[in-house]
Amino acid sequence: MKSFWIHAAPGHTRLEAREVERPAPGPGQLLVRVRAAGLNRGEFISALGPQAKAPAPKPAGGEAAGEIAAVGAGVAGFAPGGRVMGRAAGAFAEYALMDAREALAVPARLDWEQAAAVPLVFMVVHDMLIGQGRLAAGQWLLVTSVSSGVGVGALQAGKALGAKVIGTSGSASKLERLAALGLDLALKTRKGDFCDAVMQATGGKGVNLVVNAVGGTVFPECVRTLAFEGRLATVGYLDGVLKSEIDLEALHAKRLTLFGVSNKLRTAEQRAATVRGFVADLLPAIADGRITPLIDRVFEFDALPQAKAYMESDAQVGKIVVRL
């Protein structure tokens, strides 16, 4: 079968197509005939220093939607032919393995491309907004780089939870497209200069939760925007800046909570717990149409390198999906 592999080198990554054997499901696994797979920027960010040794190539892709081709020993609740979506290492391939604990039945209203845009974004969003962020109806949510896949997912989930959402982006046209999703305040900026506007919008109180998808350049400004007992989720570093100062006085005086979010650094059981929370808290909104995954572009499988280049151009609003 055809599969794409990722090569990481100092400062960049590249993709290579290979012919490999079709995998067989082990205990607790599903073999999925992939119909669509989502792109995720984190997989293609190379944090290697100029003298670092590049890791060995690995199968590319992290989430997929497709039909169950076979089930491994001990799997209950799934059968060949079922439509599933979920985290799947090596998802940019004709067939991929999925841990049954992280597999979800695809809601009837979603097509393959929409289903492939759900798993990683909305699992991360659940962790940020609900699992750790404790976002409640009527509270304020600030999302930096709101036009990214995670940013749009946070906006959609925040509105479904009844929050008021502020979003930042360097593109006025991207912010205009998100007005239809209920963005309450759009701030056109790529810099850490949005605190005054946030404070004005919130009556001087600040926001209850920040999703920082930009990185260290805006981290201090995110802290400044927080209300008493506010929470700050760090989910990405689009700016490549991995370090920042922390205002310890603000941390102490406002009783702040600062936390990070990562799927790939969690155990399988931790990820499975998030899946169960997602099923209870957010999947119903996707199933009934309150949330529809926003897809910017769909590329054919053989055009995956072009899809990667498009993502790196930062032109998209929402998710990029590859169709098999």
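You'll find the structure just up there.
Everything in this summary refers to the structure shown in the same document. Just so it is clear, the structure is predicted and the values come from calculations on it, not from any experiment. (Residues numbered from 1 in each chain as written. Predicted model: local features only at pLDDT ≥ 70, side-chain atom pairs only at ≥ 80, totals over all residues. Heavy atoms only, no water.)

The helix and strand inventory of the protein stands at 10 helices and 16 strands. The C-alpha extent of the protein, read off along each of the three principal axes, is 60 × 45 × 35 Å. Considering the protein as a whole, with its 324 residues, one finds that 50% of them fall into the buried category. Pairs at least 24 residues apart make up 67% of the contacts formed inside the protein by residues separated by at least 6 positions. Split by element, the accessible area of the protein, about 14100 Å² in all, is 53% carbon and sulfur. (Helix = DSSP H or I, 4+ residues; strand = E, 2+ residues; numbered from the N terminus. Buried < 20%, exposed > 50% of the residue type's maximum accessible area, 1.4 Å probe, protein only. Contact = heavy atoms within 4.5 Å. Areas by Shrake-Rupley, 256 points an atom, 1.4 Å probe, with all protein chains shown as cover.)

Glancing now at the pattern of salt bridges. Taken as a whole and judged by the stated rule, the model has 19 salt bridges. The partner of Glu269 in a salt bridge is Arg101, and the shortest N-O contact between them spans 3.9 Å. Of this pair, Glu269 sits in helix 8 (residues 268-281) while Arg101 is found in the loop between strand 7 (95-99) and strand 8 (103-105), placing the two residues 168 residues apart along the sequence. Note on Arg101: relative accessible area 44%, which makes it partly exposed. A single network of salt bridges, built from pairs that share partners, joins Asp99, Arg101, Glu269 and Arg276. (Salt bridge = Lys/Arg side-chain N within 4 Å of Asp/Glu carboxyl O.)

Looking now at the environment of Val241. By the secondary structure assignment, Val241 is in the loop between strand 13 (226-234) and helix 7 (248-253). The sequence separation of Val241 and Gly216 amounts to 25 residues, and the corresponding C-alpha distance is 4.8 Å. Filtering out sequence-adjacent residues up to four positions away, Val241 remains in contact with Gly215, Gly216 and Thr217.

Here we take up the nonpolar core. Counting 46 residues, the largest nonpolar core has Met85, Val125, Met128, Leu129, Leu141, Phe278 and Ile286 as the members making the most contacts within it. Contributing elements (two or more residues each) for this core: helix 1 (112-116), helix 2 (119-131), strand 9 (140-143), helix 3 (149-160), helix 4 (172-178), strand 12 (207-212), helix 8 and helix 9 (283-287). Ranked by residues supplied to this core, first place goes to helix 2 with 7 residues. The contacts of Met128, once residues within four sequence positions are left out, are Gly133, Val150, Leu209, Val211, Ala233, Val235, Phe259 and Val261. (Core = buried A, V, L, I, M, F, W, Y, C linked by side-chain atoms within 4.5 Å.)

Turning our eyes to something else, we now look at the packing of aromatic side chains. Between two aromatic rings, the relevant description is the distance of the centres plus the angle of the planes. All told, the structure shown has 2 aromatic pairs when counted by the stated rule. Ring centres of Phe4 and Phe301 lie 5.2 Å apart, and the angle between their planes is 85°; on these two criteria the pair is classed as edge-to-face. In this pair, Phe4 sits in strand 1 (residues 2-9) while Phe301 sits in the loop between strand 15 (295-300) and helix 10 (304-312), placing the two residues 297 residues apart along the sequence. On the accessibility criterion, Phe4 (4% relative accessible area) is buried. (Phe/Tyr/Trp six-rings, centres within 6.5 Å; stacked < 30°, edge-to-face > 60°.)

Before going further, it helps to spend a moment on the state of the cysteines. Throughout the structure, instances matching the rule amount to 0 disulfides. Sulfur of Cys195: no disulfide; nearest cysteine sulfur belongs to Cys222 and is 9.8 Å away. Residue Cys222 is classed as buried on the basis of its relative accessible area, which comes to 0%. (Disulfide = S-S within 2.5 Å.)

Although it is not a glycine, Ser145 adopts a positive phi angle of roughly 50°. For Asp314, which is not a glycine, the phi torsion comes out positive at approximately 60°. Structurally, Asp314 can be placed in the loop between helix 10 and strand 16 (319-323).

As a further point, take the side chain of Thr168. Topologically, Thr168 is positioned in strand 10 (residues 164-169). Other than its neighbours up to four places away in sequence, Thr168 contacts Leu142, Val143, Thr144, Ser145, Val146, Leu175, Leu187, Thr189 and Phe194.

Of the two faces of strand 9, the one holding Trp140 and Leu142 and the one holding Leu141 and Val143 are both buried throughout. Pairing geometry for strand 9 and strand 10, over 4 bridges, is parallel. What sits directly across from Leu142, in strand 10, is Ile166. Pairing between strand 9 and strand 12: 3 bridges, direction parallel. The partner of Val143 across the bridge, within strand 12, is Val211. (Pairing = 2+ DSSP bridges.)

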